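Chain residues, written in single-letter form:
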Amino acid sequence: MRGFESSRTSRFVAGLLLTIAAVGYELGAFGVPLLAALDRFFYDNRQRLQLVVPDDRIVIVDIDERSLAEQGRWPWSRSTLAQLNRRLLDEGGARVVGYDVVFGEPQPDDDRFIESIRDRSVVLGYYFSSELGGLRTGKLPSAVLPADVLPSLGLSVTSWDGYGANGALLQQAAAGAGFFNPMIDPDGVVRALPLLAEFDGALYESLAVAVLRRYLDRAALSLTSNALALDDGRQRIRIPLSYGLTALVPYYGRGGSAAGRFRYLSATDVLHGRVDPASLAGRIVLVGTSAQGLTDRRATPVSEVFPGVEIHASLIAGALDAK
């Protein structure tokens, strides 16, 4: 398994090239935009050279095209999702289930979904926004840290004035929730994910961090000037920080079920009991979508149509490897 560090050779080559670029910048040969472009170029090529190593700690339950054909268009009824939770948790024994979707609109059968997540390891997803005039819908989870810890550490953070979160009763029943906003670079490529974000003077955790904390039995968070640490008293995970309290995503392979890094299970197969429960036991399960019509595909260094849910999976895997 590999974490956030690349091989010694690639680090040496990349470091040498970055040194040359930095010297060129100091001498006035390069401007800041060119230096940033070179940095992205070196990072992208390192990711493309990584060999795919299967990781059985994380399973992706995919709301794929076949699931939509069998179960109907999205959003599904909350009764269907309650059945999915029972398959994953009660029968499969997943250690934690994280949803890379938001349940913002109430449905008549919400109570069934609520009961399926109450007192279980389910982490919901939501999003922050600054493009909707400060619109706020749903209920945010509790903040994890005050934002005033950042200036003394010399850290910056992404800030937002609106959000789209889950209904209050769903949020109260869930074990946690995390935002799933990516960090999109000027060229439209996702190379990093925010670990924390600021809203109304407080810091909130991302979906990846919330899932990791639940996986580690509600691990405590702490910040230094260069890392976010998760500690449950038995083990400690240290995630190196990039700009704006983000972390670079360690990609391996082109993403999707054919790439072979993570096991993909069609959500409809899980619902129909066509999946061996042993393949879920003790694992992190992320529920997301690769279906084209649900528009959760992102441009990344390794693919122009990378499933968004696998970006979160890749960061979680890298964090587990970095401990």
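Conventions we followed
- Residues numbered from 1 in each chain as written.
- Predicted model: local features only at pLDDT ≥ 70, side-chain atom pairs only at ≥ 80, totals over all residues.
- Heavy atoms only, no water.
- Helix = DSSP H or I, 4+ residues; strand = E, 2+ residues; numbered from the N terminus.
- Buried < 20%, exposed > 50% of the residue type's maximum accessible area, 1.4 Å probe, protein only.
- Contact = heavy atoms within 4.5 Å.
- Areas by Shrake-Rupley, 256 points an atom, 1.4 Å probe, with all protein chains shown as cover.
- Pairing = 2+ DSSP bridges.
- Lys, Arg positive; Asp, Glu negative; His and termini not counted.
- Salt bridge = Lys/Arg side-chain N within 4 Å of Asp/Glu carboxyl O.
- Polar contact = N/O pair within 3.5 Å; in protein donor to acceptor, adjacent residues only side chain to side chain.
- Core = buried A, V, L, I, M, F, W, Y, C linked by side-chain atoms within 4.5 Å.
- Axes fitted to C-alpha atoms, helices over the stretch in contact; angles between N-to-C directions.
- pLDDT = per-residue confidence, 0-100.

Draft legend 1. Expanded view of the overall build of the chain. For the chain, the helix and strand inventory stands at ten helices and 20 strands. Per-residue burial for the chain yields a buried fraction of 52% across its 323 residues. For the chain, restricting intrachain contacts to residue pairs at least 6 apart in sequence, the fraction spanning at least 24 positions comes to 77%. Put simply, the chain shows about 14,700 Å² of open surface, and 52% of that area lies on carbon and sulfur atoms.

Draft legend 2. The pairing of strand β13 (residues 220-223), seen in detail. Along β13, the buried face is formed by L221 and L223; none of A220 and S222, which line the opposite face, is buried. Bridging between β13 and strand β14 (residues 227-231) involves four bridges; their strand directions are antiparallel. Pairing of L223 across the sheet is with L228, part of β14. With antiparallel pairing between neighbouring strands as the criterion, β13 and β14 make up a hairpin whose turn holds three residues.

Draft legend 3. Just the side chain of E198, in detail. Note on placement: E198 falls in strand β11 (residues 196-199). Although E198 is buried, it makes no salt bridge; R136 carries the closest opposite charge, 9.1 Å away. Within the structure, E198 has its side chain in polar contact with the backbone nitrogen of D200 (distance 3.3 Å). Of the polar contacts made by the side chain of E198, one reaches the backbone nitrogen of G201; its length is 2.6 Å.

Draft legend 4. Expanded view of the nonpolar core. In terms of nonpolar packing, the biggest core is built from 49 residues, with L223, L228, L230, I284 and I316 touching the most fellow members. Elements with a minimum of two residues in this core: β1 (58-62), β10 (190-194), α8 (207-215), β13, β14, β15 (236-240), β18 (284-288) and α10 (308-321). In terms of residue count, α10 provides more of this core than any other element does, eight residues in total. The residues touching L228, leaving out its near neighbours within four places in the chain, are L195, L196, V209, L221, S222, L223, I237, R238, I239 and L241. Counting residues in each nonpolar core, the second largest holds 42 residues, with L84, L89, V270 and V287 among its members.

Draft legend 5. Summary view of the sheet that holds strand β12 (residues 202-205). An order of β5-β12-β11-β6 is seen for the four strands of this open sheet, with the pairing classed as mixed. Because the sheet does not close on itself, it has two edges, and the strands there are β5 (145-146) and β6 (159-160).

Draft legend 6. Broad picture of the sheet that holds β13. Taken together, three strands build an open sheet; the order of strands is β13-β14-β15 and the sheet is antiparallel. Edge positions in the sheet fall to β13 and β15, since each of these pairs with one other strand and no more. Each adjacent strand pair in this sheet contributes to an overall mean axis angle of 20°, direction not counted. One ladder, built from five bridges, connects β14 with β15; its direction is antiparallel. From the neighbouring strand, L228 faces β15, where its bridge partner is I239. α8 rests against β13, β14 and β15 of the sheet, and its axis sits at about 30° to β14.

Draft legend 7. Region of the structure containing the environment of R298. Counting through the fold element by element, R298 comes out in strand β19 (residues 297-298). Along the primary structure R298 and V190 are separated by 108 residues, whereas in three dimensions their C-alpha atoms are 6.9 Å apart.

Draft legend 8. Geometry of the confidence of the model for the chain. Of the residues in the chain, 89% have a pLDDT of 70 or more, and the chain-wide mean is 90. Low pLDDT (under 50) marks residues 6-11, which in the prediction has five contacts with non-local residues, meaning those over four places away or in another chain.

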